[in-house]
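Read off the chains here:
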Amino acid sequence: RSPVRVLQPQSPRERPQPPPPAVERSAAGPGLWYEKAAPGDRRLGKVVTIAKSKKFRDNHGKVLLEGHRLIKDALEAGAVPQTLFFSTVGHLKVLPEAEIKQATLVKVKFEDIKNWSDLVTPQGLLGIFSKPNPAKMSYPAAQLTSSLPLLLICDNIRDPGNLGTILRSAAGAGCEKVLLTKGCVDPWEPKVLRAGMGAHFRLPIIANLDWESVPHNLPAGVQVCVADNNDPDAPAEAASVLRGADGAGCAPDSLKAPVKSSPKAAPEHKDGKGAAGIPELAAQYYYEDWAQTPVAVVIGGETHGLSPDALQLAASTGGKRLVIPVVPGVDSLNSAIAAGIVLFEGKRQLLCRHQQEDDRKVPVPG
């Protein structure tokens, strides 16, 4: 008799594997190809993970962008797309073709995108990008030419909507750079991106900084001021003063309403520090002269306000406390509103200063 051959069970590696599903590829234009997502495509599930998990974004260096404008702004600024999901080919035609050729293009059902999106009216376009490096971005020429020696430091801003609005105001005011300290919400969170309206791709945003490294990201000779809209020592009659404007936004002396009294800093100790070693800063109204060249403004968080580190940094640079007066009994302003008020006043003052310098350079005839 021939010996009986015993067949050993095959290991998973030896078992025959089913062939991968064929990828259906179609042309969206000359040299532009896309594929249609098969049922159960795992890449689609990653979209939700990237959107909701800061840890995943940090570990894998990826961010999720949604909508035509945001994705177009990112591409034009040099952000690197990895995968674009779209519901109709028409979505691709509004994007710069040369930039999206390097990405994997995947056509999916609009209903699927609607299920992933938390927008009220999804546009049918999502993109996974490499997390942008501010040092390698190409910001719009109009933004660069309008940039001022004005910087913004966000101190523990935790509300996504507030941070996005603050970034939008910083871009609109022509800020040179925005620094986010540890404790701020992740600027690449979807809610921040939506509120920012493309600001992420108009100016450098340096995130997750500890206070020891903040000075290394500031220009030499900078003066750091802190915004404060809750001044208990300001007299009731010291309210906001509307001023006329001309030219570059400078109010002529004849139009400036006098301030009855200015807020006073808290009494200083011999060492220049108050309780718990926190330095005392000279206080003034935000519309009084403070914007030197260069200057940085710190905006405090919604709950705890300015941190001792922010006050220490301001004191070390000879900075001031900028008071936004509000009507007595009114709660302090939202941090995004306070940022907009102070930043655009800083812009007005810097433009006024530049105009005055230019006027002095013009030779007087005679």
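Residues numbered from 1 in each chain as written. Predicted model: local features only at pLDDT ≥ 70, side-chain atom pairs only at ≥ 80, totals over all residues. Heavy atoms only, no water.

Inclusion rule: UniProt positions are given in the numbering used here, feature names are shortened, and annotations may be inferred rather than shown by experiment.
The protein chain appears in an unreviewed UniProt entry as MRM3 methyltransferase from Atrichornis clamosus. Its UniProt record gives the protein chain the following Sequence similarities (unreviewed entry) comment, quoted word for word: "Belongs to the class IV-like SAM-binding methyltransferase superfamily. RNA methyltransferase TrmH family."

Regarding the side chain of H91
Put simply, the rule is: The helix count covers DSSP runs of H or I at least four residues long, the strand count covers runs of E at least two residues long, and both are numbered beginning at the N terminus. Each residue is assigned to one of three classes by its accessible area relative to the maximum for its type, calculated with a 1.4 Å probe on protein chains only: buried under 20%, partly exposed between the two thresholds, exposed over 50%. The definition of a polar contact used here is a pair of N or O atoms within 3.5 Å, where within protein one atom must be able to donate a hydrogen and the other to accept one, and adjacent residues in sequence count solely through side-chain atom pairs. Between two residues, a contact is recorded if the distance between any of their heavy atoms is within 4.5 Å.
By secondary structure assignment, the location of H91 is in helix α4 (residues 90-93). Taking the relative accessible area as the measure of exposure, H91 reaches 11% and is therefore buried. Here Q123 takes part through its backbone oxygen, which lies 3.0 Å from a polar atom of the side chain of H91. Not counting the four nearest positions on each side in its chain, H91 is found in contact with H68, F86, Q123, G124 and L125.

So, the state of the cysteines
This is how it is decided: When two cysteine sulfur atoms lie within 2.5 Å, the pair is treated as a disulfide.
Enumeration according to the criterion identifies 0 disulfides in this entry. Of all cysteine sulfurs, the one in C184 lies closest to C154, which takes part in no disulfide; the gap is 5.4 Å.

With respect to the pattern of salt bridges
Applicable threshold: Here a salt bridge means any side-chain nitrogen of Lys or Arg lying within 4 Å of a carboxyl oxygen belonging to Asp or Glu.
As enumerated under the stated definition, the model contains 10 salt bridges in all. Of the charged contacts in the structure, one is a salt bridge between K131 and D58, with a shortest N-O distance of 2.9 Å. One end of the pair, K131, is in the loop between β6 (125-130) and α7 (141-145); the other, D58, is in helix α2 (residues 54-60), and 73 residues separate them in sequence. For K131, a relative accessible area of 28% translates into the label partly exposed. The residue R321 makes a salt bridge to D228 at a minimum N-O spacing of 2.7 Å. In this pair, R321 sits in strand β13 (residues 321-323) while D228 sits in strand β10 (residues 223-228), placing the two residues 93 residues apart along the sequence. As far as the burial class goes, R321 and D228 line up, both buried.

Thoughts on the packing of aromatic side chains
As a reminder of what qualifies: Working definition: a ring pair exists when centres of Phe, Tyr or Trp rings (six-membered ring for Trp) sit within 6.5 Å. Plane angles under 30 degrees give stacked, over 60 give edge-to-face, the rest tilted.
Following the criterion strictly, the structure yields 5 aromatic pairs and no others. For the pair Y286 and Y287, a centre-to-centre distance of 5.2 Å together with 75 degrees between the ring planes defines the contact as edge-to-face. For Y286, a relative accessible area of 15% translates into the label buried. Among the aromatic side chains, those forming a connected cluster through ring pairs are Y285, Y286 and Y287.

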